[in-house]
Amino acid sequence: MAGAEDGPGQQPELEDDEAASCRRWGAQHAGARELAALYSPGKRFQEWCCVVLCFSLIAHNVAHLLLLARWEHTPLVMLGMVAGALLADFLSGLVHWGADTWGSVELPIVGKAFIRPFREHHIDPTAITRHDFIETNGDNCLLTLLPLLNMAYKFRTQSPEVLEQLYPWECFVFCLIIFGTFTNQIHKWSHTYFGLPRWVVFLQDWHVILPRKHHRIHHVSPHETYFCITTGWLNYPLERMGFWRRLEDIIQALTGEKPRADDMKWAQKIK
């Protein structure tokens, strides 16, 4: 009799548990909703400006690189492409680790503009798949504007002889810029499981860019490993070295700040 009486009374409790489980992450999470609401028209305008200027400079610079290309440059250019991809992967990890681990959304200027998307991403990982091209790539375009402008300036001011000598180096820098510019687009593809172009899936399957299965390792709470999100090539060796943990230990010892404290605060928001 007692069991029969308890059964109906347990049903609402089970439903509440299921609802709470659904709200632990995703678009309905309280923190995710609050963070998404912080995306402002001013931020949108900044992203549009950066994307337009960035891709205009990319077109300008690639045209000059093609005009200067010589067959004898091929070995150094190939080496530069690989080196550029490796360095871009490391820099993506450094920026990703820094924004995931330290700082706060409340910080002036950088908080809402640059740290906010990282906080939102951990509690709503699929939000990035709902972002359009501008929102996805605006911040990365901002970061690559200065090297693109510097390259464009060289093409306008240096002699053809000097540019020919600099050509392998400029190809390395350009490859680094391209991988850096498209890092968040590659990251978005690693969260997209339907409708990807076949060439993107091919590049993921051959680990030329960040594979989907590979990136899942980072999204196991507390998000403390596999930070490199361009190619992902450096994640395993850096993890074996304990690179990020050692950096965190040093910074915590010097500052007293706890890694990922702000990230955990947003993850624990329930209303």
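Residues numbered from 1 in each chain as written. Predicted model: local features only at pLDDT ≥ 70, side-chain atom pairs only at ≥ 80, totals over all residues. Heavy atoms only, no water.

*Asks:* Outline the overall build of the protein chain, listing residues and values.
*Replies:* Along its length, the protein chain carries 13 helices and 0 strands. Across the 271 residues of the protein chain, 43% fall into the buried class. For the protein chain, the exposed surface amounts to about 15500 Å²; the carbon and sulfur share of it is 66%. (Helix = DSSP H or I, 4+ residues; strand = E, 2+ residues; numbered from the N terminus. Buried < 20%, exposed > 50% of the residue type's maximum accessible area, 1.4 Å probe, protein only. Areas by Shrake-Rupley, 256 points an atom, 1.4 Å probe, with all protein chains shown as cover.)

*Asks:* Tell me what's going on with the layout of surface pockets, and back it up with residues and numbers.
*Replies:* Space inside the largest pocket adds up to approximately 830 Å³. Along its surface, the largest pocket is lined by 39 residues, and Val95, Phe118, Asp139, Asn140 and Leu143 are the ones closest to its centre. Among the secondary structure elements, those contributing two or more residues to the lining of the largest pocket are helix H3 (41-68), helix H4 (74-101), helix H5 (110-123), helix H6 (133-157), helix H7 (160-181) and helix H8 (183-189). Grouping the constituent residues of the lining of the largest pocket by class yields 18 nonpolar, 13 polar and 8 charged. If you add up the space inside the second largest pocket, you get close to 290 Å³. Along the walls of the second largest pocket sit 15 residues, with Leu65, Val77, Met81, Tyr167 and Cys171 positioned nearest its centre. Elements with a minimum of two residues in the lining of the second largest pocket: H3, H4 and H7. (1 Å grid on protein atoms, 1.4 Å probe; cavity = no way out; pocket = protein on both sides within 12 Å on 5 of 7 lines; lining within 4 Å. Points joined across faces, edges and corners; volume = space filled by probe spheres on them. Nonpolar A, V, L, I, M, F, W, Y, C, P; charged D, E, K, R; others polar.)

*Asks:* Any details on unusual backbone geometry? Residues and values, ideally.
*Replies:* Excluding glycine, residues mostly have negative phi values, and the peptide bonds linking residues are mostly trans. Here the amide bond leading from Ser221 into Pro222 is cis, since omega sits at 15 degrees, within 30 degrees of zero. Within the secondary structure layout, Pro222 lies in the loop between helix H10 (212-216) and helix H11 (235-241). Residue Ile109 is not a glycine yet carries a positive backbone phi of 65 degrees. As for its placement among the helices and strands, Ile109 is situated in the loop between H4 and H5. Notably, His207 is not glycine yet its phi reads approximately 55 degrees, a positive angle.

*Asks:* If you had to explain a nonpolar patch on the surface to someone new, which residues and values would you point to?
*Replies:* Taken together, the side chains of Val82, Leu86 and Trp233 make up a nonpolar region of the molecular surface, amounting to roughly 240 Å² of accessible area. Among the secondary structure elements, Trp233 is positioned in the loop between H10 and H11. (Patch = residues over 30% accessible without salt bridge, like charges linked within 9 Å, V, L, I, M, F, W, Y side chains within 5 Å. Salt bridge = Lys/Arg side-chain N within 4 Å of Asp/Glu carboxyl O.)

*Asks:* Account for the nonpolar core, naming residues and giving values.
*Replies:* Counting residues in each nonpolar core, the largest one holds 22 residues, and the members touching the most others are Cys54, Leu65, Leu148, Met151, Phe155 and Tyr167. When residues no more than four places from it in sequence are discounted, the contact partners of Cys54 are Cys141, Thr144, Leu145, Leu148 and Thr181. (Core = buried A, V, L, I, M, F, W, Y, C linked by side-chain atoms within 4.5 Å. Contact = heavy atoms within 4.5 Å.)

*Asks:* Residue-level account of the packing of aromatic side chains, with values.
*Replies:* In the structure shown here, the tally under the stated rule is 11 aromatic pairs. Where Trp189 meets Trp199, the ring centres are 5.6 Å apart and the plane angle is 85 degrees; that geometry is what we call edge-to-face. With Trp189 in helix H8 and Trp199 in helix H9 (residues 198-205), this residue pair connects regions lying 10 residues apart in the sequence. Residue Trp189 is classed as buried on the basis of its relative accessible area of 16%. (Phe/Tyr/Trp six-rings, centres within 6.5 Å; stacked < 30°, edge-to-face > 60°.)

*Asks:* Outline the side chain of Asn61, listing residues and values.
*Replies:* Note on placement: Asn61 falls in helix H3. Since its relative accessible area comes to 0%, Asn61 is described here as buried. At 3.5 Å, the side chain of Asn61 forms a polar contact with the backbone nitrogen of Ala152. Setting aside its immediate chain neighbours within four residues, Asn61 contacts Leu148, Met151, Ala152, Phe155 and Phe174. (Polar contact = N/O pair within 3.5 Å; in protein donor to acceptor, adjacent residues only side chain to side chain.)

*Asks:* I'd like to hear about the pattern of salt bridges, residue by residue, with values.
*Replies:* One pass over the structure, following the stated rule, counts 11 salt bridges. One network of salt bridges, with partners in common, ties together Glu106, Arg119, Asp262 and Lys265.

*Asks:* Lay out the packing of H4 against H5 in plain terms, naming residues and giving numbers.
*Replies:* Two elements in contact, H4 and H5, have axes separated by 9 Å at closest approach and are oriented at 80 degrees. Taken as axis vectors, H4 and H5 run roughly perpendicular relative to one another. Note on element contacts: H5 touches H4 through Ile115, Phe118, Arg119 and His122, opposite His96, Ala99 and Asp100. Of the residues assigned to the contact of H4 with H5, the class counts are 3 nonpolar, 2 polar and 2 charged. (Axes fitted to C-alpha atoms, helices over the stretch in contact; angles between N-to-C directions. Parallel < 35°, antiparallel > 145°, perpendicular 65-115°, else oblique.)

*Asks:* Pulling in residues and values, what's your account of the confidence of the model for the protein chain?
*Replies:* Averaged over the protein chain, the pLDDT score is 88; the fraction of residues at 70 or greater is 87%. The element-level mean pLDDT for the protein chain is lowest in helix H1 (residues 2-22), coming to 42, with H8 highest at 98. Confidence over residues 1-23 falls short of pLDDT 50; this stretch has 2 contacts with residues more than four positions distant or in other chains. (pLDDT = per-residue confidence, 0-100.)

*Asks:* How would you explain the environment of Leu176 if you had to name every residue and give the values?
*Replies:* Tracing the sequence through the fold places Leu176 in helix H7. Taking relative accessible area as the criterion, Leu176 reaches 19% and is therefore assigned buried. Between the alpha carbons of Leu176 and Ala83 there is a distance of 8.0 Å; along the sequence they are 93 residues apart. Contact partners of Leu176, with chain neighbours within four places excluded, come to Gly84, Leu87, Ala88 and Leu91.

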